[in-house]
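Residues per chain, in single letters:
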Protein chains: 2
Amino acid sequence: MRDPAQNAQLALLLEVSGTPKPGNVDRHREYDDLRFEQFMAGAVGALPGLRRAAGTDALGAAFETAIEGMSHQSGGNTQFGAVLVTVPLVRAAATDRLTPEGVAAVVEDTTVEDACAFYRAFDHVAVAVDEPPEGADDLDVRRGGDATDALRERGLTLSGVMELSAPRDGVAAEWISGFERSFEAAGWVLADEGPVYRRASRAFLRLLAAEPDTFVATRNGAATAREVTERARAVLAGDEDPEALAEEFVRRDINPGTTADLTAGALFVALERGLEV
Amino acid sequence: MRDPAQNAQLALLLEVSGTPKPGNVDRHREYDDLRFEQFMAGAVGALPGLRRAAGTDALGAAFETAIEGMSHQSGGNTQFGAVLVTVPLVRAAATDRLTPEGVAAVVEDTTVEDACAFYRAFDHVAVAVDEPPEGADDLDVRRGGDATDALRERGLTLSGVMELSAPRDGVAAEWISGFERSFEAAGWVLADEGPVYRRASRAFLRLLAAEPDTFVATRNGAATAREVTERARAVLAGDEDPEALAEEFVRRDINPGTTADLTAGALFVALERGLEV
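Quick summary incoming for the structure in this document. Each chain carries its own residue numbering, running from 1 in the direction its sequence is written. Numbering of ligands from 1 and lettering of chains from A proceed in the order in which they are written. Selection of residues for local features in this predicted model requires a pLDDT of at least 70, selection of side-chain atom pairs for listing and counting requires 80 or more, and totals for whole chains, interfaces and linings are taken over all residues.

### Quick notes on the overall build of chain A
Where helices and strands are cited, they refer to DSSP runs of H or I of at least four residues and of E of at least two residues respectively, numbered from the N terminus. Within chain A one finds 15 helices and zero strands. Note on method: radius of gyration uses C-alpha positions; expected globular size equals 2.2 Å times residues raised to 0.38. For 277 residues, the compact-globule estimate of 2.2 N^0.38 gives 19 Å, and the C-alpha radius of gyration of chain A, at 17 Å, lies within 12% of that figure. Its C-alpha atoms put chain A at 55 × 45 × 35 Å along the principal axes. For every residue pair, C-beta atoms are placed from the backbone, and the pair is scored as a contact if these atoms sit within 7 Å. Considering only contacts in chain A between residues 6 or more positions apart, those separated by 24 or more positions represent 72%.

In structure tokens form, the structure reads like this:
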């Protein structure tokens, strides 16, 4: 019924609809300058790129198209990471290999031109990122399309870019690991019961409790990222109220965005595997 | 940036995201068997039909495609009326005549085959409707595609069907009136300030206060429909709390769905006219 591009769009919508997801925009909480409705517009705009990902176009170009479309709202970066998690999964699903091995092959197939398109995507929207790895200032993603000469000189593929970023970026780590956390969390979502917005919330909390969120580490520091993991564990153990924690994280501007991105990937895989909405 | 089909999909998403909208599913309230997330899936599924409406296909076929796609979720009828309001507006926008006169011409152009496709759309989803007009049992929409012989024998166009239903159905009345309430409410949304979800809520309340909701009249009776109008006026006058009213309407299963449908139409027109999200 729904094709992979449609399931990816729905995964973006279900991710932001999941509540409570402490620290992230959801149905019940938002920031003045980053609102729920902007995520709706982001998902609408991302679809043409997701459709390219489901086709035969180069993966990097599909990603850039999705981000360019996503950027047509006034909130800025709503779903950069979620789209980055989803695009290779869409390609794998559209080519009947939605498995860790299948999506690893999709990643393996990326080219230097895919890396250039990935960098150009940063020209469309401001993304909070860490400093580039040492000795790789020419590869700072904040250079956007200006970095493509450096990419070509180094012969760096998109897979290679992700390998460089993986130690400090949870989405890049996902690319390099065969999306193991997305697949694992998809299993949780499918084995869970009840409305999808609750399943999404629980999968988010389990992912958050398992590993520090790299977006929090970048923006708020490693100590805060460790605290967030502990607090998520406390919620899962029943020792902390997730709604109160959500209020606190919004107040402290703690936004576990990478974990939300992985939740979107998990929801996409779950939809492809029969999750009913 | 967004084309008319994308703006229509976004209008469906923004309508259900608007809160508070007493009695309707929104970000903060839902029914056990009709959930917010099912409206997300409905909007995802409706897009291919909305895209046909933006093209040159027959309008009835575009509508049926949108409803068939919308039905791919387990909540049943999420957005039948909202899609019915939106489809002729999309056609008008795509042909550069998004005015009351332009959309009246779109309606005027509909054929008997459009009426047949409209009836077939009822085969995809259960819609709460009133009894057919007297002497028109053969035109009961609950007959779905079985009624097409009767439509052809009577030579009834989709515009003619809407004219028959207009006295008791607010969406049909909108078709016959050049979508005057949608255009008027679009003006309110554009002149309003702040986040779209609040503008959508206020436009909904003003529409509800202006005329009894025909969906409430059909399901809960004329007296309740009149009460709902009075209560909406009380909210606008500051004499009643909309959040408390929303709780009460959900509890009493009062769902002003037709007014929500018109709100979706208003949001579409507002987006086409530059509403920023």
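### Section: the relation of the copies chain A and chain B
Here the copies are superposed with least squares, the fitted atoms being C-alpha atoms of residues at a pLDDT of at least 70 in both. Of the transformation placing chain A onto chain B, the axial shift is 0.0 Å and the rotation is 180°, giving an RMSD of 0.0 Å. Considering both components of the superposition, the chain copies are consistent with a two-fold axis. Among all C-alpha atoms of chain A, that of arginine 27 of chain A lies closest to the rotation axis, at 2.7 Å. Interface residue correspondence from chain A to chain B reaches 100%, placing this contact among same-surface, isologous pairings.

### Things to note about the interface of chain A and chain B
Contact with chain A, which involves 26 residues of that partner, is made by 26 residues of chain B. For the side of chain A that touches chain B, the secondary-structure elements that each account for two or more residues are helix 1 (4–17), helix 2 (36–53) and helix 11 (196–210) of chain A. Residue contributions to the side of chain A that touches chain B peak at seven residues, all from helix 2 of chain A. In the side of chain A that touches chain B, the residues fall into 12 nonpolar, nine polar and five charged. Residue type decides the class: Asp, Glu, Lys and Arg count as charged, Ala, Val, Leu, Ile, Met, Phe, Trp, Tyr, Cys and Pro as nonpolar, and the leftover types, Gly among them, as polar.

### Re the nonpolar core
Think of a nonpolar core as buried Ala, Val, Leu, Ile, Met, Phe, Trp, Tyr and Cys residues chained together by C-beta atoms that fall within 7 Å. Using C-beta atoms placed from the backbone, we call a residue buried if 20 or more other C-beta atoms fall within 10 Å of its own, exposed if 12 or fewer do, and partly exposed for counts in between. In this structure, Phe63 of chain A together with Phe63 of chain B are the most contacted members of the largest nonpolar core, which totals 190 residues. In this structure phenylalanine 63 of chain B touches Gly49, Val83, Leu84, Val87, Ala117, Phe118 and Ala121 of chain B, once residues within four positions along its chain are discounted.

### Here's the deal with helix 15 (residues 257–272) of chain B
All names here are of chain B. Spanning 16 residues, helix 15 covers 23 Å between terminal C-alpha atoms, matching the ideal 22 Å at 1.5 Å per step. With respect to burial, helix 15 is a largely interior element, 16 of its 16 residues being buried. Downstream of helix 15 by a residue or two, glycine 274 has a phi angle that is positive, lying close to 110°. Residue count minus one, scaled by 1.5 Å, sets the expected span of a helix.

### Digging into unusual backbone geometry
Between threonine 19 of chain A and the following residue, proline 20 of chain A, the backbone shows a cis peptide bond with an omega angle of 0°. Relative to the helices and strands, proline 20 of chain A resides in the loop between helix 1 and helix 2. One non-glycine residue with positive phi stands out, namely phenylalanine 179 of chain A, at about 55°. Positionally, phenylalanine 179 of chain A belongs in the loop between helix 9 (170–176) and helix 10 (180–191). Backbone geometry at aspartate 253 of chain B places phi at a positive 55°, although glycine is not the residue there. Inspection of the secondary structure puts aspartate 253 of chain B in the loop between helix 14 (242–251) and helix 15.

### Considering the environment of glutamate 272 of chain B
All names here are of chain B. Position of glutamate 272 among the secondary structure elements: in helix 15. Sequence-wise, glutamate 272 and alanine 93 are 179 residues apart; in three dimensions their C-alpha atoms are separated by 7.6 Å. Apart from residues no more than four positions distant in its own chain, glutamate 272 is found in contact with Pro4, Asn7, Ala93 and Leu98.

### Re the packing of helix 11 (residues 196–210) of chain B against helix 15 of chain B
All names here are of chain B. Viewed as axis vectors pointing N to C, helix 11 and helix 15 meet at an angle of 130°, and their least axial separation amounts to 9 Å. The orientation of helix 11 relative to helix 15 falls into the category oblique. Note that helix 11 runs across helix 15; the crossing there is right-handed. Contacts between helix 11 and helix 15 involve Ala200, Ala203, Phe204, Leu207 and Leu208 from the former and Thr259, Ala260, Leu262, Thr263, Ala266 and Leu267 from the latter. Helix axes are fitted to C-alpha atoms over the stretch in contact, other axes to C-alpha atoms as well, and angles between N-to-C directions run from 0 to 180 degrees. Angle categories: roughly parallel below 35 degrees, roughly antiparallel above 145, roughly perpendicular from 65 to 115, and oblique for all the rest. Crossings are sorted by hand: turned counterclockwise from the far helix by less than a right angle, the near helix makes the crossing left-handed, and turned clockwise it makes it right-handed.

### Here we look at the environment of asparagine 24 of chain A
Residue and element names in this part refer to chain A. Position of asparagine 24 among the secondary structure elements: in the loop between helix 1 and helix 2. For the pair formed by asparagine 24 and alanine 150, sequence separation is 126 residues and the distance between their alpha carbons is 35 Å. Not counting the four nearest positions on each side in its chain, asparagine 24 is found in contact with Asn255, Pro256, Gly257 and Ala260.

### Quick word on the packing of helix 1 of chain A against helix 2 (residues 36–53) of chain B
Helix 2 of chain B packs onto helix 1 of chain A with a crossing angle of 155° between their chain directions and a minimal axis gap of 10 Å. Considering their axes alone, helix 1 of chain A and helix 2 of chain B lie roughly antiparallel with respect to each other. Relative to helix 2 of chain B, helix 1 of chain A is oriented so that their crossing is right-handed. Together, Gln6, Gln9, Leu10, Leu13, Leu14 and Ser17 of chain A of helix 1 of chain A and Phe36, Glu37, Met40, Ala41 and Val44 of chain B of helix 2 of chain B make up the contact between the two elements. When grouped by side-chain class, the residues that make up the contact of helix 1 of chain A with helix 2 of chain B number seven nonpolar, three polar and one charged.

### Some points on helix 14 (residues 242–251) of chain A
Given 3.6 residues per turn, any residue in an α-helix points the same way as the ones three and four places further on. Residues and elements named next belong to chain A. Turning to helix 14, its buried residues are Pro242, Leu245, Ala246 and Phe249. Each buried residue of helix 14 sits inside an arc of 105° when the element is viewed along its axis, so together they form one side. More than 90 degrees from the buried face of helix 14, the exposed residues found are Ala244 and Arg251. On its buried side, helix 14 packs onto helix 11 and helix 13 (222–236). At the exit of helix 14 stands aspartate 253, carrying a positive phi of roughly 60°. In this description, the arc belongs to the directions extending from the helix axis to the C-beta atoms.

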